[in-house]
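Reading the structure
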Amino acid sequence: MPTALEIEKSLFDLAPKAGAMDWDNVGLLVGDPAAEITRALAALDVTEAVADEAIAKGCQLIVAHHPVMNCRWLPVQTLRDDTPQGRLLRKLVRANMCVICMHTNLDVAEGGVNDVLAHTLRLEDPGPLDGTDGLIHIGRLPAPMALRDFAANVSQALGCNGVRYADAGKPVFRVAVGGGACGEYADAAAAAGCDTFVTSDLGYHAFLDAEGKGINLLDAGHFPTEDPVCHALIACLKEKFPGLSIEKSTSHREVIQFYIKGE
């Protein structure tokens, strides 16, 4: 059986550590590097529910995208049961659970967050947008379609609870995608000739300015745009370690709900 350190190395082969932003915290963040791993759980985030699920399933490892301890320059100051982070970390430590997180390095990697998002939305010939360090990928649809129809396709493909969008009056054909909070790249997407940009965490002014910038905007949610990468992590580890049992978390799902007027 592989050790936690060997699994970390294989994940860094997929998403090299050098690709992580300098503020980020990636790799084996919790646990013994020498621990032998027979069962693992993949999830976008390490929540208490995910930790409980991993413990109940007899896992020794959680592989996640978002770091359980995020910024290098903001270290954990306390480890107390009366704080959410402290309670989670103490639970992981008591269970001898290892946690490996691949964050911004996985965002930019080939086969990572944005590559997977583009393929999930069935974009043809997807590739990185120049000048975005791999955070934005662009591709095209087989044929132009109406924005509302595309929004419905995005919602279905990603399992969204809802999609927010702004209509710039253009059919959808050349599409940019940025999993997670990538709204700052809307101008770059428009400059590259994209008529549509799919991302998340957009603010009011981004939608307000979309028509003037000539680009349709879709906010499909942070969780839905990044969660598909969990399948890529599972596939990578199954290929590298055929004897490893790894599955996707069933407890972790979109937390944002929508109220629809008239329902």
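Provided above is the structure to which this section pertains.
What counts and how
- Residues numbered from 1 in each chain as written.
- Predicted model: local features only at pLDDT ≥ 70, side-chain atom pairs only at ≥ 80, totals over all residues.
- Heavy atoms only, no water.
- Core = buried A, V, L, I, M, F, W, Y, C linked by side-chain atoms within 4.5 Å.
- Buried < 20%, exposed > 50% of the residue type's maximum accessible area, 1.4 Å probe, protein only.
- Helix = DSSP H or I, 4+ residues; strand = E, 2+ residues; numbered from the N terminus.
- Contact = heavy atoms within 4.5 Å.
- Pairing = 2+ DSSP bridges.
- Axes fitted to C-alpha atoms, helices over the stretch in contact; angles between N-to-C directions.
- Salt bridge = Lys/Arg side-chain N within 4 Å of Asp/Glu carboxyl O.
- Parallel < 35°, antiparallel > 145°, perpendicular 65-115°, else oblique.
- Left-handed = near helix turned anticlockwise from the far one by under 90°.

Okay, the nonpolar core next. Core analysis: the largest hydrophobic core is formed by 30 residues, its most contacted members being Ile7, Leu11, Ile37, Leu61 and Leu237. Those elements that provide at least two residues to this core are helix 1 (4–14), strand 2 (39–43), strand 3 (61–64), strand 4 (98–101), helix 5 (113–120) and helix 10 (229–240). Considering every element that reaches this core, the biggest residue donor is helix 10, with six residues. Those residues in contact with Leu237 that sit more than four places away from it in its chain are Ile7, Ser10, Leu11, Val63, Leu244 and Ile246.

In space, the five strands of this open sheet follow the order 1-4-3-2-11, with mixed pairing throughout. Edge positions in the sheet fall to strand 1 (27–30) and strand 11 (245–248), since each of these pairs with one other strand and no more. Sheet twist, expressed as the mean angle between neighbouring strand axes with direction ignored, is 25 degrees. Two elements, strand 2 and strand 3, share four bridges in a ladder whose sense is parallel. Counterpart to Ala43 in the pairing with strand 3 is Ala64. Seen against the sheet, helix 1 touches strand 1, strand 3 and strand 4 and runs at an angle of roughly 10 degrees to strand 4.

On to the pattern of salt bridges, then. In total, this model carries 15 salt bridges according to the counting rule given. Here Asp81 makes a salt bridge to Arg90, at a shortest N to O gap of 3.0 Å. In this structure, the salt-bridge partner of Lys248 is Asp227, at a minimum N-O distance of 3.0 Å. Here Asp227 lies in the loop between helix 9 (222–226) and helix 10 and Lys248 lies in strand 11, a separation of 21 residues in the sequence. The network of salt bridges with shared partners includes Arg39, Glu53, Lys57 and Glu247.

This next bit is on the pairing of strand 6 (residues 137–145). Pairing analysis gives three bridges linking strand 5 (residues 124–128) to strand 6, with the strands arranged antiparallel. Residue pairing for strand 6: Gly127 is matched across the bridge by Ile138. In this sheet, strand 8 (residues 172–177) lies alongside strand 6 in antiparallel orientation, the contact comprising five bridges. The residue bridging Ile138 from the neighbouring strand is Ala176, located in strand 8.

Moving on to the packing of helix 1 against helix 10. One way to put it is that helix 1 packs onto helix 10 with a least axis distance of 10 Å and a crossing angle of 120 degrees. As the angle between them shows, helix 1 and helix 10 are arranged oblique. For the element pair helix 1 and helix 10, the recorded crossing hand is right-handed. Contacts from Ile7, Ser10, Leu11, Asp13 and Leu14 of helix 1 reach helix 10 at Leu233, Cys236, Leu237 and Lys240.

We now examine the environment of Ala191. Looking at where Ala191 falls in the secondary structure, it is placed in helix 7 (residues 186–191). In this structure, the C-alpha to C-alpha distance between Ala191 and Gln60, residues 131 residues apart in sequence, is 46 Å.

For the rest of this paragraph, the subject is helix 5. The element helix 5 is extensively covered by neighbouring structure, given that six of its eight residues are classed as buried. Among the residues trailing helix 5, Arg122 stands out with phi positive, at a value near 60 degrees.

You will see that Asp125, though not glycine, has its phi angle at about 50 degrees, which is positive. Mapped onto the fold, Asp125 is located in strand 5. Positive phi values are uncommon outside glycine, yet Asp133 reaches one of about 55 degrees. Mapped onto the secondary structure, Asp133 falls in the loop between strand 5 and strand 6.

Keep in mind these values describe shape, not function.
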